[in-house]
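# Survey of secondary and tertiary structure
Single-letter residue listing:
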Amino acid sequence: MPQYDLGVLSATYKLTGNEGTLKAELRNGALNDIEGFEVQLNVFGEEQAPVQLDNFVMSGDNTTINVPFTFAEDADRSKGVMVTITKLNGATDDAPQNNSIAATQCYLHRVLAEEFSTEACVNCPRVSEYMYSVMDRPEFKGQVFAVVHHVGYNTDFLTRPGDDAYTWFYNNNGNTFAPAIMFDRYAYFTGEDSGKPSPCMNPGSAEQIATLFRTRLEQDAAADLSVKAYDTGDNKVNITVTGERGRVFSPLPTRITVYITEDSIKARNQKGTDDLAHYYHQHTLRVANSTWGDVIDWDADNHFTYNTTLDVNPSWNRSQMHIVAFINCYNENDPSQCTIENAASIDFADVATGISQVNTTSKADAKEYYDLSGRRLSAPAKGINIVRYTDGSVRKVLVK
């Protein structure tokens, strides 16, 4: 064994605006302990100033470092980020060949919680209250989204045709139950009868839900996505999801699933509540692009753009509706291999509005620009633009 050797095992980085953080795991593979070292980052082709770290790493142990950095807005991000151990305190590294590694980009992880709940379930109101009280906590705002499948224990008036397909996640010889919750469809739990991994569990408290949210939020995501949409005004909504990945993260084809949900739907005959007149269903799944999602067509730069058009029933309350999209895997033979990598959501209030809402007398200033697919533009583009004005009106405008 060498006398001194500190090597880089792995490295990832996240970006927010023109700032980032590199996270790397290092290993002392030598006979002697190491008391501090220096690292240097190369960020998108630009060398950063060396950073002195005081980590004490015993022989045979690992240590994790987090190094912040900044970069110019016009930096060439295709050049990536490299981390190098440049110096050991008071020693010479005997194996410098493992001192550098190219970091992989990762992304802020957002969590999708999927609940199985029906009006026949006497325990569902209690667990639903756990769920939504936790979601209201500031630490989870904008980081956790929810969808409710009205299956698992009988059905009710909100059950959609085909919803029974999702009970496959229970993986316990056909025995299902409600309430149940999945967290990113991650198989933390075991099917009660089959003994096989299952993502479905019955939470015993709000704190248990909060703990599982935190556990998933701590995981780095290998891919990211964002959602834009355009309400055509004819009971349809055009949805565009764009995304990127820092690496290939699954041997299975990755998929994009898009849901529309609705809040505040008045209950008809919910069991387990003493106040039926004021009980409302939240985050109810109304429509999906497909049961298991559509396969993503990643381009050579590991980006994708996906478009879909979903029907919107005119009886649904648009002010209470949300679009939820997520990147997921699907193995038809194994519910434990269907994990959600990342999710995103927008409210219908943020959806570009159809031409039926044009106010021809408006003299307000232009506020937002969209193309005919509903994608938001940073500035007017040549051709037909959909323009939303500060008074809320929307028009088609031809730009020459």
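### Things to note about the state of the cysteines
- Tallying each qualifying case throughout the model produces 1 disulfide.
- Across the disulfide, Cys121 is cross-linked to Cys124 (sulfur-sulfur distance 2.3 Å). Handedness of the Cys121-Cys124 disulfide follows from its S-S torsion of about 95°: it is right-handed.
- The exposure class of Cys121 is buried, given its relative accessible area of 1%.
- Cysteine Cys200 shares no disulfide, and the gap to the nearest cysteine sulfur, in Cys338, comes to 11 Å.

### Side note on helix H2 (residues 206–217)
- When the terminal C-alpha atoms of H2 are compared, their 17 Å separation across 12 residues agrees well with the 16 Å that a helix rising 1.5 Å per residue should span.
- Looking at H2, one finds that the buried residues are Ala206, Ile209, Ala210, Leu212, Phe213 and Arg216. The arc enclosing the buried residues of H2, seen along the axis, measures out at 165°, which places them on a common side.

### What to know about the pattern of salt bridges
- The final tally for this structure, using the stated rule, is 12 salt bridges.
- Across the salt bridge formed by Asp163 and Arg160, the nearest N and O atoms sit 3.1 Å from each other.
- Judged by its relative accessible area of 17%, Arg160 is buried.

### Observations concerning the sheet that holds strand S14 (residues 223–231)
- With respect to topology, 3 strands assemble into an open sheet ordered S14-S15-S21, the strand pairing being antiparallel. Lying at the two open borders of the sheet, with one neighbouring strand each, are S14 and strand S21 (303–311). Strand-to-strand twist in this sheet, taken as the mean axis angle between neighbours without regard to direction, amounts to 20°.
- Where S14 and strand S15 (residues 236–245) come together, 9 bridges link them in antiparallel fashion. Each residue of the ladder has a partner; that of Val227, found in S15, is Val241.

### Remarks on the nonpolar core
- In terms of nonpolar packing, the biggest core is built from 29 residues, with Val237, Ile239, Val241, Ile256, Val258, Ile260 and Ile323 touching the most fellow members.
- Breaking this core down by element, the ones donating at least two residues are S14, S15, strand S16 (255–262), S21, strand S22 (321–328) and strand S23 (340–347).
- Residues in contact with Val237, not counting those within four places in the same chain, are Ala229, Tyr230, Asp231, Ile260, Thr308, Thr309, Leu310, Val312, Ile323, Phe348 and Val351.
- In terms of nonpolar packing, the next biggest core, distinct from the first, is built from 26 residues, Val8, Leu26, Phe71 and Val81 among them.

### Looking at the side chain of Thr118
- Tracing the backbone shows Thr118 in the loop between strand S9 (111–116) and helix H1 (124–135).
- Judged by relative accessible area, which is 0%, Thr118 ranks as buried.
- A polar contact is formed between the side chain of Thr118 and the backbone oxygen of Tyr153, at a distance of 2.6 Å.
- With residues near it in sequence (within four places) discarded, Thr118 still touches Cys124, His150, Val151, Tyr153, Asn154, Thr155, Asp156 and Gln270.

### Description of the environment of Gly272
- The topology assignment puts Gly272 in the loop between strand S17 (265–266) and strand S18 (280–281).
- Sequence separation between Gly272 and Thr261 is 11 residues; the distance between their C-alpha atoms is 23 Å.

### Side note on the pairing of strand S10 (residues 144–149)
- Of all the 6 residues making up S10, 6 are buried; the element is thus mostly covered by neighbouring parts of the structure.
- The two faces of S10 match: Val144, Ala146 and Val148 on one face and Phe145, Val147 and His149 on the other face are all buried.
- In the sheet, S9 pairs with S10 via 6 bridges, with the strands oriented parallel. What sits directly across from Leu112, in S10, is Phe145.
- Traced from S9 through H1 to S10, the parallel crossover comes out right-handed.

Thresholds, definitions, all that
Residues numbered from 1 in each chain as written. Predicted model: local features only at pLDDT ≥ 70, side-chain atom pairs only at ≥ 80, totals over all residues. Heavy atoms only, no water. Disulfide = S-S within 2.5 Å. Buried < 20%, exposed > 50% of the residue type's maximum accessible area, 1.4 Å probe, protein only. Helix = DSSP H or I, 4+ residues; strand = E, 2+ residues; numbered from the N terminus. Expected span 1.5 Å × (residues − 1). Arc of directions from axis to C-beta. Salt bridge = Lys/Arg side-chain N within 4 Å of Asp/Glu carboxyl O. Pairing = 2+ DSSP bridges. Axes fitted to C-alpha atoms, helices over the stretch in contact; angles between N-to-C directions. Core = buried A, V, L, I, M, F, W, Y, C linked by side-chain atoms within 4.5 Å. Contact = heavy atoms within 4.5 Å. Polar contact = N/O pair within 3.5 Å; in protein donor to acceptor, adjacent residues only side chain to side chain. Right-handed = clockwise from strand over helix to strand, strands pointing away.

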